[in-house]
Number of protein chains: 2
Amino acid sequence: MAKIIDGKETAKQIKAELKEKISTVSGRKPGLAVIIVGDDKASHYYVGSKQKACSEVGIESFKTELGSQASKEELIKVITSYNQNETVDGILLQLPLPDSLRSMTQEIIDTISADKDVDGLTTFNLGKLVSKSPDAIEPCTPKGCMELLKRYNINPSGKKALVLGRSTLVGKPIALLLNNANATVTMAHSRTENMSTELKEADIIIAAIGQAEFINGDSIKQNAVVIDVGINAIERDGKRVLVGDVEFVSAKNNASFITPVPGGVGPMTVAMLLQNTYELFLKHR
Amino acid sequence: MAKIIDGKETAKQIKAELKEKISTVSGRKPGLAVIIVGDDKASHYYVGSKQKACSEVGIESFKTELGSQASKEELIKVITSYNQNETVDGILLQLPLPDSLRSMTQEIIDTISADKDVDGLTTFNLGKLVSKSPDAIEPCTPKGCMELLKRYNINPSGKKALVLGRSTLVGKPIALLLNNANATVTMAHSRTENMSTELKEADIIIAAIGQAEFINGDSIKQNAVVIDVGINAIERDGKRVLVGDVEFVSAKNNASFITPVPGGVGPMTVAMLLQNTYELFLKHR
């Protein structure tokens, strides 16, 4: 029976540690600006949680809301203004952007100052993950996964890690972070021909494909570590429930460690956002 | 018995194609600036071949030599001057830099203008490989490997590709390019615990670890494709010979395709440098 990796509790600890550190700061507090475009309900909910978390630990938060019809130029104007605002240490653009701006996402992210790129998703920062630069900003969700491994004393060095999904946001950065931590990383995706072999051989599985319960627990290696990044809403017994990319009930029997959904990686993403804001603040002050 | 992937011949074809295209250019020709620091004999030899290749296809080449005691500032001054020179389309800093500058390599490379980064090794450009940007400049050696696969009709999509070595120069960019081409890529390295299983399962092996004949031909999968990036000088029967990271004689029996050393990836690196220079020229003119 797998040990549950409690992301909610770990995030709580990290927030308590940050609150403690920030409470000793004299003068201005760390500042995070969040920009949200359009009316996507889930996005507004996430932004709300992020702002609430900021206030819990003593980070000042700023928010700009733009309508779904906002132009690229309007959005970049907001980013530029936060770039110049000295009370702002980190700038987060809530994703996904509305359809009209979607194809320009990377170009827009790249207008965030390198030293305020709290989500670590500018092209320049992604390049630093490749060159293993010591001052790379680790994107929040991948960093959250690595932090969970660390806090549960799971050392990926030499181990076979399988990353399912290859998004710029999650899959590829986590593959690079695991590689930098000396894991032997395999990047799998929808075109992978022999997924069942990959799953059977991996010591660590990071599932980030966004498909409800794609991985059956019987298909993984005995004692594998499972980190489930997926959050998928499905209907079950007439109710709307959130499930991961891994079928939790069956995987729990084979894994040595497993993150639940919700309560696993999700809360860690927010905690790492706060952590990155604080780290950028230390560089700015 | 494996089919030999003839890099020398392929490079020759590519150069002929480029020469043809460049001959039709009216006005100024493409220009490549090469900067070399110190007296490393092999580096000077490589720079000589690159300049010779430029002249063969009609690319104007510029060269600056600095002594091994050159400072970071002197080197950056040379780069800045080429950045501003409108007859220069690409700037190549020959690596490795002398010991005194070695640790600053990435920082120095990053002073090359993004639009003259002919080797594709600036941090910003490496980030474009992660985000799969359509205007990424593919680093020359990785691009040469991909071009060999393409010209021998080897489609990596869905296939299991093993990249041995994780340098910023070769290993990591080629892993990203193979991933972008829909291969299932595993990045292996000195810490990999189960190298023999990895070797036995890979459909495509890219060897880039710089250890003479590290991979024995018996350890690979039947009909694997072997791309050998290593060039190692060893002594054999009293003579100095160049060998790859793969033991060619034994691997030839098991592989379906294999690159020889020398005459495999090496000439392709130079051909791709010319190709990238030409592509940058098209953007500048």
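Source: prediction; values computed, not measured. (Residues numbered from 1 in each chain as written. Chains lettered and ligands numbered in written order. Predicted model: local features only at pLDDT ≥ 70, side-chain atom pairs only at ≥ 80, totals over all residues.)

**Examining the domain arrangement of chain A**
So, point 1. For chain A, the assigned domains are domain 1 (26-113) and domain 2 (140-266).
So, point 2. When each unit is reduced to the centre of its C-alpha atoms, the spacing between domain 1 of chain A and domain 2 of chain A is 28 Å. (Domains from an automatic or database assignment.)

**Focus on the confidence of the model for chain A**
So, point 1. Averaged over all residues, the pLDDT of chain A equals 97, while 100% of them reach at least 70.
So, point 2. Of the two predicted TM-score estimates for the complex, the pTM is 0.96 and the ipTM is 0.95. (pLDDT = per-residue confidence, 0-100.)

**Here's the deal with the nonpolar core**
So, point 1. Residues Val163(A), Ile205(A), Ile206(A), Val163(B), Ile205(B) and Ile206(B) are the most contacted members of the largest nonpolar core, which totals 166 residues.
So, point 2. When near neighbours in sequence (up to four residues on either side) are disregarded, Val163(A) contacts Gly171(A), Ile174(A), Ala175(A), Val185(A), Met187(A), Ala188(A), Ile206(A) and Ala208(A). (Core = buried A, V, L, I, M, F, W, Y, C linked by C-beta atoms within 7 Å. Buried ≥ 20, exposed ≤ 12 C-beta atoms within 10 Å, placed from the backbone. Contact = placed C-beta atoms within 7 Å.)

**What to know about the relation of the copies chain A and chain B**
One copy of the chain maps onto the other through a rotation about an axis followed by a shift along the same axis.
So, point 1. The operation relating chain A to chain B is a screw motion whose rotation component is 180 degrees, with 0.0 Å of axial translation and a residual RMSD of 0.0 Å. The two molecules are tied by a two-fold rotation axis, judged by turn and shift.
So, point 2. The fraction of interface residues of chain A whose copies in chain B are also interface residues reaches 100%, indicating that both copies meet through the same surface. (Least-squares fit on C-alpha atoms with pLDDT ≥ 70 in both.)

**Structural notes on the interface of chain A and chain B**
So, point 1. In this assembly, 28 residues from chain A lie in contact with 28 residues from chain B.
So, point 2. Elements supplying a minimum of two residues to the side of chain A that touches chain B: α6 (123-130), α8 (171-180) and β6 (184-188) of chain A.
So, point 3. Ranked by the residues each element gives to the side of chain A that touches chain B, the list is headed by α6(A), at 7 residues.
So, point 4. Of the residues in the side of chain A that touches chain B, the class split is 6 nonpolar, 15 polar and 7 charged.
So, point 5. Two elements, β6(A) and strand β6 (residues 184-188) of chain B, share 3 bridges in a ladder whose sense is antiparallel. Residue pairing for β6(B): Thr186(A) is matched across the bridge by Thr186(B). (Helix = DSSP H or I, 4+ residues; strand = E, 2+ residues; numbered from the N terminus. Nonpolar A, V, L, I, M, F, W, Y, C, P; charged D, E, K, R; others polar. Pairing = 2+ DSSP bridges.)

**Regarding helix α11 (residues 265-284) of chain B**
So, point 1. Compared with the 28 Å implied by 1.5 Å per residue over 20 residues, the 28 Å span of α11(B) between its first and last C-alpha is a close match.
So, point 2. Counted residue by residue, α11(B) has 16 buried out of 20 residues, so it is predominantly covered. (Expected span 1.5 Å × (residues − 1).)

**Details of the pairing of strand β2 (residues 31-37) of chain B**
Residues and elements named next belong to chain B.
So, point 1. Among the 7 residues that make up β2, 7 are buried, leaving the element largely enclosed by the rest of the structure.
So, point 2. Note: β2 against strand β3 (residues 60-66), 7 bridges, orientation parallel. Along β3, the bridge assignment pairs Ile 35 with Thr 64.
So, point 3. Taken together, β2, helix α2 (residues 41-57) and β3 form a β-α-β motif whose crossover is right-handed.
So, point 4. Bridge count between β2 and strand β4 (residues 90-93): 4 bridges; the pairing is parallel. Paired with Ile 35 across the strands is Leu 93, a residue of β4. (Right-handed = clockwise from strand over helix to strand, strands pointing away.)

**Remarks on the packing of helix α7 (residues 140-151) of chain A against α8(A)**
The axes of two packed helices give the description: the angle between them and the distance between them.
Residue and element names in this part refer to chain A.
So, point 1. At a closest axis distance of 8 Å, the pairing of α7 and α8 adopts a crossing angle of 40 degrees. In terms of their interaxial angle, α7 and α8 are classed as oblique. Two packed elements cross with a definite hand, and for α7 against α8 that hand is right-handed. Contact residues: α7 offers Pro 142, Cys 145 and Met 146, while α8 offers Pro 173, Ile 174 and Leu 177.
So, point 2. Within the contact of α7 with α8, the residues separate by chemical class into 6 nonpolar, no polar and no charged. (Axes fitted to C-alpha atoms, helices over the stretch in contact; angles between N-to-C directions. Parallel < 35°, antiparallel > 145°, perpendicular 65-115°, else oblique. Left-handed = near helix turned anticlockwise from the far one by under 90°.)

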